[in-house]
Amino acid sequence: MDSNAPRSDPIWTDDGISRIPFRVYTDQQLYQRELERCFYRGHWSYVALEAEIPNPGDFKRTAIGERSVIVIRDADGDINVVENVCAHRGMKFCRERSGNRKDFHCPYHQWNYDLKGNLQGVPFRRGVKQDGKINGGMPADFRPEEHGLTRLKVATRGGVVFASFDHEVEPLETYLGPDILGYFDRLFNGRKLKLLGYNKQRIPGNWKLMQENIKDPYHPGLLHTWFVTFGLWRADNKARLVMDQHLRHAAMVSTRGQGGKSDVTSGVASFKDQMTLQDDRLLDIVHEPWWGEPTAVMMTIFPSVIFQQQVNSVSTRHIQPRGPDTFDFVWTHFGFEDDDETMTRRRLRQANLFGPAGFVSADDGEAIECSQQGFAQKPWHRVLAELGGRTAENTDHMVTETLIRGMYAYWRKVMEV
Ligand code: FES
Ligand code: FE2
């Protein structure tokens, strides 16, 4: 089906941004259009941290939307991103998640590519000699330089690597916009990053629900026992919600309070007054000078990534859609090269809040899964995201769904829905 074709059944019938039709999360044709317009055109996608590929020849396989790509550091130290599709007969040739290579070859017919994606070897290109004559081979006008791997545009900043299939995409800095760039640079301020490890999970829900989850400061103090009980994230925390000028990216900025009972815990089922930790090192939080005042900044960069700083735990969370109702979610936990051993242990301990079985994030994965089930069950219905109003603007409190409305204002424009 042509994902650009006008629809006879309009999906979104009002011109608002606060009532999101359930089919926005379930419709296959819309999803194809999202891949084209949000992931493959006009946008930057997160692909890696430079710390994952520190040496010449290091590579990492990852994905942009549903397209498999390889991020490679070449002999000159430059980072290249190429599509993982052989120029010969299309094999997705790279199957390792990461490694080190002098070149790449496709197992099917051994076509060979250098670390920039140039085709450098074609077996039997000039045929074989049999009975004194040459048989077969590629046509005489075959030019290897026309048959390299698809190369993506690449941008790096602060040790983070982004790529785009769209070579006309605006510069990364403009793409993020000055306000979000400020928060980006706060986290990735030029210090070398240290890779600590990964979590990977497949969540049976639409990819946008993950963006929404981190644009939603309403739920953390209600859904998450951990946050509300220990005070890391509650409605009475000091907070700011900031978007870029297109309203597609956001930063949720908050400063932790003291925890314990207060107005915002009364009647909240997830607040467990009696709950204590067996190992209270999980709350061994040490203020780091680069934070400034906020103790947590959660950035949603449309469409592909979340950058997390939640006290001492820092990570990237990469969204890789797989159909309208599933996405893979890859967490990369990191620290900084100048961290001492105690700080590294602390970051790793606090990382237990996150990932598929995290004390906090396990709740989110399940909430997303159950939301998707609700959408599938009642396709004619819609989400109500009207907390704090029906428009989208920056705020200095958390009792609002403004960031979600902002994303849909942008999404409707790009998607022409
Ligand atoms: Fe890759 Fe033939 S498909 S070499
Ligand atoms: Fe959450």
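Going by an unreviewed UniProt entry, the chain carries the name Rieske 2Fe-2S domain-containing protein and comes from Cupriavidus cauae. Per UniProt, the chain carries the Sequence similarities (unreviewed entry) text "Belongs to the bacterial ring-hydroxylating dioxygenase alpha subunit family."

Here the focus is the pairing of strand β2 (residues 45-49). Burial runs high along β2: five of the five residues are buried. Relative to strand β13 (residues 160-164), β2 runs antiparallel, the two being bridged by four bridges. When the bridges of β13 are listed, Leu 49 appears paired with Val 160.

Once that is clear, we can look at the coordination of the iron ion (ligand 2). Only His 219 (NE2), His 224 (NE2), Asp 364 (OD) and Asp 364 (OD) from the protein coordinate the iron ion (ligand 2), and they sit 2.1 to 2.5 Å from it. Here the iron ion (ligand 2) is ringed by four donor atoms whose angles at the metal span 57 to 142 degrees, and the overall shape comes out irregular. Spacing between the donor residues of the iron ion (ligand 2) along their common chain follows H-x4-H-x139-D. Pair noted here: His 219 is in the loop between α4 (207-213) and α5 (220-223) and Asp 364 is in helix α8 (residues 361-377), with a separation of 145 residues, a long-range link. Across this residue pair, the class does not change: His 219 and Asp 364 are buried.

This part is about the side chain of Glu 386. Structurally, Glu 386 is set in the loop between β21 (382-384) and α9 (402-415). The class for Glu 386 is buried, based on a relative accessible area of 18%. In terms of polar contacts, Glu 386 uses its side chain to reach the side chain of Arg 390, at 3.0 Å. Not counting the four nearest positions on each side in its chain, Glu 386 is found in contact with Ser 18, Arg 19, Glu 401 and Arg 405.

To continue, consider the environment of Tyr 183. Of note, Tyr 183 is situated in helix α3 (residues 178-187). Expressed as a C-alpha distance, the spacing of Tyr 183 and Val 242, which sit 59 residues apart in the sequence, is 9.8 Å.

Our focus in this paragraph is the UniProt feature "domain: Rieske" (unreviewed entry) in the chain. Per the UniProt record, the feature "domain: Rieske" (unreviewed entry) sits at residues 44-163. With 0% helix and 41% strand, residues 44-163 has end C-alpha atoms that lie 6 Å from one another.

Glancing now at the packing of aromatic side chains. For any pair of aromatic rings, the description rests on two quantities: the centre-to-centre distance and the angle between the ring planes. In the structure shown here, the tally under the stated rule is 29 aromatic pairs. Centroid distance Trp 12 to Tyr 408: 6.0 Å. Interplanar angle 55 degrees. Geometry classified as tilted. One end of the pair, Trp 12, is in the segment before β1 (19-21); the other, Tyr 408, is in helix α9, with 396 residues separating them in the sequence. Residue Trp 12 is classed as buried on the basis of its relative accessible area, which comes to 6%. The buried category is assigned to Tyr 408, whose relative accessible area is 0%. Where Phe 184 meets Phe 188, the ring centres are 4.9 Å apart and the plane angle is 45 degrees; that geometry is what we call tilted. In this structure Phe 184 comes out as buried when scored by relative accessible area, which is 0%. According to the relative accessible area criterion, Phe 188 is buried, its value standing at 3%. Through pairs of rings, three or more aromatic residues link up here, namely Tyr 46, Phe 162, Phe 184, Phe 188, Trp 290, Phe 307, Phe 334 and Phe 336.

This brings us to helix α7 (residues 341-350). Residues of α7 that are buried include every one of Met 343, Thr 344, Arg 346, Arg 347, Arg 349 and Gln 350, and no others. The inward-facing, buried residues of α7 abut β14 (193-203), β18 (305-310), β19 (313-321) and β20 (327-336).

Let us look at the side chain of Thr 229. Note on placement: Thr 229 falls in helix α6 (residues 225-230). A residue is classified by how much of its surface remains accessible, and Thr 229, at 8% relative accessible area, is buried. Side-chain polar atoms of Thr 229 contact the backbone oxygen of Thr 225, separated by 2.7 Å. Side-chain polar atoms of Thr 229 contact the backbone nitrogen of Lys 272, separated by 3.2 Å.

Strand order across the open sheet formed by three strands is β7-β8-β9, with antiparallel pairing between neighbours. Every interior strand has two partners, whereas the edge strands, β7 (104-105) and β9 (119-121), have only one. In terms of strand pairing, strand β8 (residues 112-113) meets β9 through two bridges, oriented antiparallel. Opposite Tyr 113, over in β9, you have Leu 119 as the bridge partner.

With that settled, consider the packing of helix α1 (residues 28-39) against α9. With their axes 10 Å apart at the nearest point, α1 and α9 run at an angle of 90 degrees to one another. As far as their axial angle goes, α9 and α1 are roughly perpendicular. Every residue of α9 that contacts α1 at Leu 30, Arg 33, Glu 34, Arg 37 and Cys 38 is listed here: Trp 411, Val 414 and Met 415.

This next bit is on the pattern of salt bridges. Within this structure, the stated rule accounts for 24 salt bridges. One salt bridge connects Arg 37 with Glu 416, and the closest N-O pair in it is separated by 2.8 Å. Here Glu 416 lies in the segment after α9 and Arg 37 lies in helix α1, a separation of 379 residues in the sequence. Salt-bridge contacts for Glu 50 lead to Arg 73; the nearest nitrogen and oxygen are separated by 2.9 Å. Linking Glu 50 in the loop between β2 and β3 (58-64) with Arg 73 in strand β4 (residues 67-73), this pair joins segments that are 23 residues apart in sequence.

About the thresholds
- Residues numbered from 1 in each chain as written.
- Chains lettered and ligands numbered in written order.
- Predicted model: local features only at pLDDT ≥ 70, side-chain atom pairs only at ≥ 80, totals over all residues.
- Heavy atoms only, no water.
- UniProt positions renumbered as here; feature names shortened; annotations may be inferred.
- Buried < 20%, exposed > 50% of the residue type's maximum accessible area, 1.4 Å probe, protein only.
- Helix = DSSP H or I, 4+ residues; strand = E, 2+ residues; numbered from the N terminus.
- Pairing = 2+ DSSP bridges.
- Donors = N, O, S within 2.8 Å, 3.2 Å for Na, K, Ca; no water.
- Tetrahedral: all angles 85-135°; square planar, octahedral: opposite > 155°, others 65-115°.
- Polar contact = N/O pair within 3.5 Å; in protein donor to acceptor, adjacent residues only side chain to side chain.
- Contact = heavy atoms within 4.5 Å.
- Phe/Tyr/Trp six-rings, centres within 6.5 Å; stacked < 30°, edge-to-face > 60°.
- Axes fitted to C-alpha atoms, helices over the stretch in contact; angles between N-to-C directions.
- Parallel < 35°, antiparallel > 145°, perpendicular 65-115°, else oblique.
- Salt bridge = Lys/Arg side-chain N within 4 Å of Asp/Glu carboxyl O.

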